[in-house]
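The residues making up each chain are set out below.
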Amino acid sequence: MNLYLKLLSGSLRSRMQYKMNFLVSSLSYGLIMAVDFVLLAAILQRFDDVKGWNLYEVGLLYGISSVAITLYRVFGVEIHNFERYMVEGEFDSLLIRPVSPLSLLLTKNLDLSRIGGTAQGVIILVISIIGLSLESFDMLLLLLYLPVSIASGVVICFSLGLLTATLAFWTQRIKDFQTFTLYAPFNAANYPMNIYPGWLKIIFFTVIPVGFMNYTPILFLLNKGGNIWNLAWPPAVALVFLCLSLRFWQFGIRHYHSTGS
Amino acid sequence: MVYWILLQKSFMTNMQYKVAHLINNAASAIFGFVFIAIWAGVLQGKEQSSPYDVMDMTYYIAAAQCILWLSGFLTAGLNIQNGVRNGAISLELARPTNFFLYVTSQEAGRLVYNFFFRSIPIGLVFALTVGFYVPQHLSSYLFISISVLLAIIISVNLHYLVGISACWTTEVAWAHFVNFTLLAGLGGQMVPIDFLPAPLSTLTQYLPFAGAIYYPVMVFLEKASNDVIWFQLFWAIALTLLNLWITERARQKLEIQGG
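Residues numbered from 1 in each chain as written. Chains lettered and ligands numbered in written order. Predicted model: local features only at pLDDT ≥ 70, side-chain atom pairs only at ≥ 80, totals over all residues. Heavy atoms only, no water.

Peer 1: Quick rundown of the side chain of Thr240(B)? Include the residues and the values.
Peer 2: Residue and element names in this part refer to chain B. Among the structural elements, Thr-240 can be located in helix α13 (residues 228-257). Polar side-chain contacts of Thr-240 include one of 3.1 Å to the side chain of Asn-157. Within the structure, Thr-240 has its side chain in polar contact with the backbone oxygen of Ala-236 (distance 2.5 Å). Beyond its immediate stretch of four places on either side in the chain, Thr-240 contacts Phe-100, Ile-153 and Asn-157. (Helix = DSSP H or I, 4+ residues; strand = E, 2+ residues; numbered from the N terminus. Polar contact = N/O pair within 3.5 Å; in protein donor to acceptor, adjacent residues only side chain to side chain. Contact = heavy atoms within 4.5 Å.)

Now the structure itself:
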């Protein structure tokens with residue numbers, strides 16, 4: 001842990017050398033997500049709700065999903081861009097170090113520009129919670145549970161990212177897979193799962209389990225269905241998926257053959 | 001003709017990654033299904049208060065997902081920034097070829113590839129699942145071709161603008177993000193621009209982003225007057241002239257610094 005913090009602070013310092021660039025990229029990334037939400041707000045202002053979910057309720061789902069994927073993009077930048085290590089043959093240099101390749105990848109770099117997106121997600125969460133005007137008990141429960149939901153989302157996102165990165169051991173390129181395993185599912189998780197056709201719902205609750213991160217607990221927290229067990233699902237699914245992805249990663253490393261270049 | 005050869009080479013390069021692109025096509029179709037599901041959810045029981053019904057929006061999203069591969073998902077900065085970073089730009093600008101055509105013809109090759117291996121397969125997926133609009137009038141096909149071509153020219157120019165700005169800023173990642181967001185958001189990728197709140201919906205009609213996605217989709221769906229083509233033509237010419245001028249400025253800047 002000590003080593004992790006040391007490596008992390010080193011990477012943070014190197015990033016802050018370019019303050020202007022950091023500021024502009026954070027702001028632009030935040031703007032991107034803001035435009036995205038303004039569009040959603042424009043639809044829901046006009047048509048009131050999407051299958052029984054109003055703007056603030058969708059905002060909760062949206063905020064959790066945005067914060068989760070952007071936090072993963074901050075901390076998991078090297079996992080996310082892992083194909084570079086395969087294409088340019090840099091992975092060999094990670095294998096000869098005395099620390100595990102995964103720890104090295106997680107500490108090597110931080111993509112702070114994505115923090116703009118995280119901040120924007122948090123702002124949407126705050127606006128949504130205020131707009132919901134819940135009873136004080138429900139509000140307290142929601143506020144207490146949000147960090148669990150977000151943390152589960154980050155872990156699910158990281159696991160999906162790692163599973164996708166592992167594919168690079170065989171396919172070299174993973175950018176095209178990421179649209180399938182990360183971008184499309186997290187975009188879908190911005191909205192309530194009940195709007196999707198059955199086959200899509202099955203995907204989002206099994207192989208790409210983004211539905212558990214926000215939809216399942218929020219359903220219970222906003223008294224829209226389910227029971228107290230809905231709150232146990234996100235961390236449980238996140239943990240199982242994390243274990244699976246770590247095992248797959250180890251399996252991938254064992255089958256890694258250097259290109260020798 | 002050197003530009004035609006560049007276009008062909010770029011087409012062939014893209015052919016190398018057919019399998020990866022097929023996977024991406026599936027993801028692109030899923031994005032489409034998600035957007036269609038959102039609209040179906042939103043419009044359910046409220047179709048009388050909307051200018052579009054669920055089927056209209058299904059066709060709209062399906063067509064927009066196809067055109068995105070021609071005028072949305074272009075190479076960030078058309079890769080001009082890489083040349084700026086490694087210094088190759090000085091050589092490229094000094095060549096007797098026109099730099100603007102040199103860069104854009106390579107992107108054109110990629111877009112021709114996208115048409116055959118991205119837009120058409122995605123369109124087929126929608127046709128076999130949720131439905132895909134088939135234009136009814138013969139004359140529409142001519143206007144659709146012109147509108148799509150102009151959409152491509154507008155978008156290539158917007159991406160070129162981002163790329164060439166690297167001559168002054170070196171880093172274009174954020175400019176590309178902003179450009180893409182405006183293109184997708186204000187261009188009507190998910191929300192037709194007439195659905196946007198009042199001042200924004202009027203403003204966006206006059207911005208080039210609508211010319212890249214919204215107008216060609218509406219012409220394809222035979223829902224827009226063919227006059228919108230004039231508006232697209234204006235932006236295509238204006239942006240091309242702007243880029244030719246900026247390229248000249250970039251060349252002068254390089255000469256002053258001695259490369």
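Peer 1: Explain the interface of chain B and chain A residue by residue, including any values.
Peer 2: The partner chain A presents 33 residues to the 36 residues of chain B that form the contact. Around 3,100 Å² of area is buried between chain B and chain A when both sides are counted, 77% of it from carbon and sulfur atoms. When the shortest N-O distance is used, the salt bridge between Lys46(B) and Asp49(A) registers 2.6 Å. If you look at where chain B meets chain A, you find three residue pairs in polar contact (both at pLDDT 80 or more). Breaking the side of chain B that touches chain A down by element, the ones donating at least two residues are α2 (18-43) and α9 (173-185) of chain B. (Buried area = accessible area lost by both parts, 1.4 Å probe. Salt bridge = Lys/Arg side-chain N within 4 Å of Asp/Glu carboxyl O.)

Peer 1: Pulling in residues and values, what's your account of unusual backbone geometry?
Peer 2: Its identity is not glycine, yet Asn223(A) carries a phi of approximately 55°, on the positive side. Along the chain, Asn223(A) falls in the loop between α13 (215-221) and α14 (233-254). According to the relative accessible area criterion, Asn223(A) is exposed, its value standing at 61%. For Glu222(B), which is not glycine, the phi torsion reads 55° and is therefore positive. Under the relative-accessibility criterion, Glu222(B) is labelled partly exposed at 22%. (Buried < 20%, exposed > 50% of the residue type's maximum accessible area, 1.4 Å probe, protein only.)

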